[in-house]
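Chain residues, written in single-letter form:
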Amino acid sequence: MDIEKFLEQTAPQIDKVIEKYIPRKINKDAPLFIVNPPLYSYNLEPLNKTIAEPVWDILDRGGKRWRPALFLLICEALDNKVDCLDFAIIPEVIHNGTLVIDDIEDSSDVRRGKPCLHKTFGVDIAVNAGNAMYYLPLLSLMIHKEDFPVEVQRDVYEVYVQEMINLSMGQAMDIAWHRGIANADTVSEQDYLQMCAYKTGTLARMAAKIAAVLSGANKELVEKMGRLAECIGVAFQMQDDILDLTGEEFAKSKGCIGGDISEGKRSLLVIHTLQKADPVDKARLLEILGMYTTDQNLRNEAIDIIKKYGAFEYVKTLEEQMVMESWREVDKLLPTPQSKEKLKMFAEFLIKRNK
């Protein structure tokens, strides 16, 4: 299976379904109004200017759409007989909403090669649109609520609520450490992994657990599929951290190499270096992180310190180990050998990518 080709084929399908539930131009027939018709009037222009336009501005910038692809692969691996495509959009739309909000919180300028939404539309519109993206994809569940037993609906919404809470917890930890507060200089590897499990792992875990619930999996399998996806999500973040400091092509979408240095980010690369570095290098790395600098020479100096202590090799090994260990937990429980192999290849692709 060619994973890149699979993602290229899946992405337009996902976008088509997103457009079904969140139209590029909202009209009176939009699912939003089918589920919740207005009491007084259909005033569409403000909704189109401040919801539809910014939402599609960020969605049209691309992205790998790997979370809905993971959702579909899990449905296939669990031999789901129901068409899951409509529900695969849930983690993807939420993910893009988090990008909008993260960019505001991080005071970022560029996202996927273009000005961030708050730079183009203003902070107020961007905040509201980003928040709306946390809820709008649930329209797919609301429209199809008659297709599933009440117990399945309950379990799906419970997964959604749990993971959205986790998302906020992870962001809280990340913000604190970026700002150099809450003992940021002594963050441990376990602290980092918990933050990632909350933040980056959560939407992958949401995708997997909802897919498993809709596929009729038992609680043990739902949890183990969630754990596998969580590890994939955390490993994806680790690979992002590596590429942010080393990837020329990856850097194009963010405007520079080492953007995480400018944000003062306590990635696992930084944490490992701070634990291993001599006092002089440790002090210098912390000094540069505390500058929130946009000077490329200073960013390069920090990257050189991180390289010196073998952080890239350490993180790469850890991410592969995490995914393979979680894979062994679900391997014996999955019923379809061919689909199972696709899922394994997909996980390996995400942690070995270079862009």
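Each value, and the rule that gives it
Residues numbered from 1 in each chain as written. Predicted model: local features only at pLDDT ≥ 70, side-chain atom pairs only at ≥ 80, totals over all residues. Heavy atoms only, no water. Helix = DSSP H or I, 4+ residues; strand = E, 2+ residues; numbered from the N terminus. Expected span 1.5 Å × (residues − 1). Buried < 20%, exposed > 50% of the residue type's maximum accessible area, 1.4 Å probe, protein only. Contact = heavy atoms within 4.5 Å. Polar contact = N/O pair within 3.5 Å; in protein donor to acceptor, adjacent residues only side chain to side chain. 1 Å grid on protein atoms, 1.4 Å probe; cavity = no way out; pocket = protein on both sides within 12 Å on 5 of 7 lines; lining within 4 Å. Points joined across faces, edges and corners; volume = space filled by probe spheres on them. Nonpolar A, V, L, I, M, F, W, Y, C, P; charged D, E, K, R; others polar. Salt bridge = Lys/Arg side-chain N within 4 Å of Asp/Glu carboxyl O. Axes fitted to C-alpha atoms, helices over the stretch in contact; angles between N-to-C directions. Parallel < 35°, antiparallel > 145°, perpendicular 65-115°, else oblique. Left-handed = near helix turned anticlockwise from the far one by under 90°.

(A) Spatial organisation of helix 1 (residues 3-21). With 19 residues, helix 1 extends 27 Å from end C-alpha to end C-alpha; this agrees with the ideal 27 Å at 1.5 Å per step. Of all the residues in helix 1, the buried ones are Ile 3, Phe 6, Leu 7, Thr 10, Ala 11, Ile 14, Val 17, Ile 18 and Tyr 21. Looking at the packing, one finds that the buried side of helix 1 touches helix 2 (31-35), helix 3 (44-59), helix 4 (66-77), helix 5 (89-105), helix 8 (139-143) and helix 18 (337-352). The N-cap residue of helix 1 is Asp 2: its side-chain oxygen and the backbone nitrogen of Glu 4 are 3.2 Å apart.

(B) A look at the layout of surface pockets. Considered as a void within the structure, the second largest pocket measures approximately 290 Å³ in volume. Lining the second largest pocket are 14 residues; nearest its centre among them are Asp 155, Val 159, Val 213, Lys 219 and Val 222. In terms of residue count, the dominant contributor to the lining of the second largest pocket is helix 9 (residues 150-178) (six residues). Here the lining of the second largest pocket is composed, by residue class, of five nonpolar, three polar and six charged.

(C) Expanded view of the pattern of salt bridges. Applying the stated criterion across every chain yields a total of 27 salt bridges. Its salt-bridge partner being Lys 119, residue Asp 109 comes within 3.3 Å of it at the nearest N-O pair. Of this pair, Asp 109 sits in the loop between helix 5 and strand 1 (110-111) while Lys 119 sits in helix 6 (residues 117-120), and the two are ten residues apart along the sequence. Using a relative accessible area of 46% as the deciding quantity, one classes Asp 109 as partly exposed. The closest approach of N and O atoms between Glu 223 and Lys 209, which form a salt bridge, is 3.3 Å.

(D) Quick peek at empty space enclosed by the protein. Tallying each qualifying case throughout the model produces one cavity of 30 Å³ or more. Lining the largest cavity, in full, are Leu 141, Lys 145, Phe 148, Gln 153, Val 156, Tyr 157 and Leu 214. Considering every element that reaches the lining of the largest cavity, the biggest residue donor is helix 9, with three residues. Class assignment of the residues belonging to the lining of the largest cavity gives a composition of five nonpolar, one polar and one charged.

(E) Expanded view of the packing of helix 10 (residues 189-214) against helix 11 (residues 219-246). Two numbers describe how helix 10 lies on helix 11: the axes approach to 6 Å, and their chain directions differ by 135°. Classified by the angle between their axes, helix 10 and helix 11 sit oblique to one another. Between helix 10 and helix 11 the crossing geometry is right-handed. Along the contact surface, helix 10 presents Tyr 192, Leu 193, Cys 196, Ala 197, Thr 200, Gly 201, Ala 204, Arg 205, Ala 208, Lys 209, Ala 212 and Val 213, while helix 11 presents Val 222, Glu 223, Met 225, Gly 226, Ala 229, Glu 230, Gly 233, Val 234, Gln 237, Met 238 and Asp 241.

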